[in-house]
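Read off the chains here:
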Protein chains: 2
Amino acid sequence: MNIGEVSQAAGLPAKTIRYYEDIGLITPLRGANGYRQFTQAHLHKLAFIARARGLGFSIDQCRTLLALYEDRGRASADVKDLARTHLDEIDAKMAELAEMRRILADLVHACAGDDRPDCPILSGLAAPITSD
Amino acid sequence: MNIGEVSQAAGLPAKTIRYYEDIGLITPLRGANGYRQFTQAHLHKLAFIARARGLGFSIDQCRTLLALYEDRGRASADVKDLARTHLDEIDAKMAELAEMRRILADLVHACAGDDRPDCPILSGLAAPITSD
DNA sequence: GATAGGGCTTCCCGTTGCTGGAAGGTCAAG
DNA sequence: CTTGACCTTCCAGCAACGGGAAGCCCTATC
């Protein structure tokens, strides 16, 4: 397969696939014309990466996941550890966003949003909300 | 004030403040020795930016917020629009994270996490979960 | 006056994960 | 033979800084 075809099949832009080759995630063969040649195994790997990325795993985590995937002697505990680490990262991000959201929603709620200049949002940014 | 002092007072790394100058967010004066000279007004602006960044506003949004802040004739509706846009962005990110979290948590839950190689997490990544 | 230390300056590279674009080779169809 | 869709490489850039080098500046101490 050429890159266009795997791109379609894996749901990844060709640019991304070239990038993945650059950083050593996959290593397609080359045809006589210099075109990259992908096998079903390559496609399988790319789809694997695409899904892992879709779950928010970093490229480095994907690299580790791929290595575990291809290591038939792995312990599932290792995979689970990695996944749980990532789950914690997600939870941390969600908590951070929730906190932002909470404060921001309060400010938005307090703002009249009319044509007058008084704005609790700007005031809130100009000085932290002191509750005394 | 020198950069170290405002850095402390605004809670921003000196590097960040220099960067903000680079991109035109603030324009401190310069002393005879070439050192940046910050006024209380500069500090105020930096603290404003720091809080806006803390709420997740992009640099560009901060630029707009600053402009609105300094425009005494602004309409609070403009501020509210921007804030609401950002609120929507936060909601979108949270939804995306929640969806990742949901799937990932399922996979983690299904994984024994022992020394055997069978791993639903890897299987789930290798092929999407088909419920038929 | 020399020296040590801290703070300040600029400059340039690295990060993450790509994306866009230019300049050019290749291939199949008409 | 030409057109157009592929493919190739390389270079640049995004956000929002952070690290570190090389080199002034300022103050304190001896």
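Note that the structure is predicted; figures quoted are calculated from it, not measured.

Scanning chain A for helices and strands turns up 6 helices and 2 strands. The secondary structure elements of chain A, listed N-terminal to C-terminal, are α-α-β-β-α-α-α-α. For 132 residues, the compact-globule formula gives about 14 Å, and the C-alpha radius of gyration of chain A, at 23 Å, lies well above that figure. For chain A, the spread of C-alpha atoms along the principal axes amounts to about 70 × 40 × 20 Å. Classification of the 132 residues of chain A by burial places 39% in the buried group. Excluding contacts between residues fewer than 6 apart, the proportion of contacts in chain A whose partners are at least 24 apart in sequence is 42%. In chain A, 16 positive and 18 negative side-chain charges are present, and the distance between their average locations comes to 11 Å.

Further remarks concern the domain arrangement of chain A. Here chain A is partitioned into domain 1 (1–57) and domain 2 (75–132). Placing the centre of domain 1 of chain A and that of domain 2 of chain A at their C-alpha centroids yields a distance of 36 Å.

The next subject is the packing of aromatic side chains. Applying the stated rule across the entire model yields 4 aromatic pairs over all chains. On the numbers, 6.0 Å between centres and 45° between planes, the contact of Tyr 19 of chain B with Tyr 20 of chain B is tilted.

On to the interface of chain A and chain B, then. Listed as interface residues are 52 residues of chain A and, on the opposing side, 52 residues of chain B. A combined buried area of about 4400 Å² lies between chain A and chain B, and 75% of that area is made up of carbon and sulfur atoms. The tally of links between chain A and chain B comes to 2 salt bridges. The partner of Arg 101 of chain A in a salt bridge is Asp 91 of chain B, and the shortest N-O contact between them spans 2.5 Å.

Turning our eyes to something else, we now look at the relation of the copies chain A and chain B. If you rotate chain A by 180° and push it 0.0 Å along the axis, it lands on chain B with an RMSD of 0.1 Å. In the structure described here, the two chain copies are related by an operation that fits a two-fold rotation axis. By C-alpha distance to the rotation axis, the residue of chain A lying nearest is Met 94 of chain A, at 3.1 Å. The residues that chain A uses at the interface reappear at the interface of chain B in 100% of cases, marking a shared surface.

Surveying the vicinity of DNA strand D reveals 19 residues, the closest of which are Gly 4 and Arg 36 of chain A together with Lys 15, Thr 16 and Tyr 20 of chain B. Of all atoms in DNA strand D that approach within 4 Å of the protein, 71% are sugar or phosphate atoms. In this structure, a base oxygen belonging to DNA strand D sits 3.4 Å away from a side-chain N or O atom of Tyr 35 of chain A. Looking at the surface near DNA strand D, the elements with two or more residues in it are helix H1 (3–10) and helix H2 (14–22) of chain A together with helix H2 (14–22) of chain B. Here the surface near DNA strand D gets 4 residues from one element, more than from any other, and that element is H2 of chain B. Looking at side-chain class alone, the surface near DNA strand D contains 7 nonpolar, 6 polar and 6 charged residues.

In the vicinity of DNA strand C lie 19 residues, with Lys 15, Thr 16 and Arg 53 of chain A together with Tyr 35 and Arg 36 of chain B positioned nearest. Within 4 Å of the protein, the contacting atoms of DNA strand C are drawn from sugar and phosphate to the extent of 65%. At 2.8 Å, a side-chain N or O of Thr 16 of chain A approaches a phosphate oxygen of DNA strand C. Between a phosphate oxygen of DNA strand C and a side-chain N or O atom of Tyr 20 of chain A, the distance comes to 2.8 Å.

What counts, and where the lines are drawn
- Residues numbered from 1 in each chain as written.
- Chains lettered and ligands numbered in written order.
- Predicted model: local features only at pLDDT ≥ 70, side-chain atom pairs only at ≥ 80, totals over all residues.
- Heavy atoms only, no water.
- Helix = DSSP H or I, 4+ residues; strand = E, 2+ residues; numbered from the N terminus.
- Rg over C-alpha atoms; globule rule 2.2 N^0.38 Å.
- Buried < 20%, exposed > 50% of the residue type's maximum accessible area, 1.4 Å probe, protein only.
- Contact = heavy atoms within 4.5 Å.
- Lys, Arg positive; Asp, Glu negative; His and termini not counted.
- Charge placed at Lys NZ, Arg CZ, Asp CG, Glu CD.
- Domains from an automatic or database assignment.
- Phe/Tyr/Trp six-rings, centres within 6.5 Å; stacked < 30°, edge-to-face > 60°.
- Buried area = accessible area lost by both parts, 1.4 Å probe.
- Salt bridge = Lys/Arg side-chain N within 4 Å of Asp/Glu carboxyl O.
- Least-squares fit on C-alpha atoms with pLDDT ≥ 70 in both.
- Near = heavy atom within 4 Å.
- Polar contact = N/O pair within 3.5 Å; in protein donor to acceptor, adjacent residues only side chain to side chain.
- Nonpolar A, V, L, I, M, F, W, Y, C, P; charged D, E, K, R; others polar.

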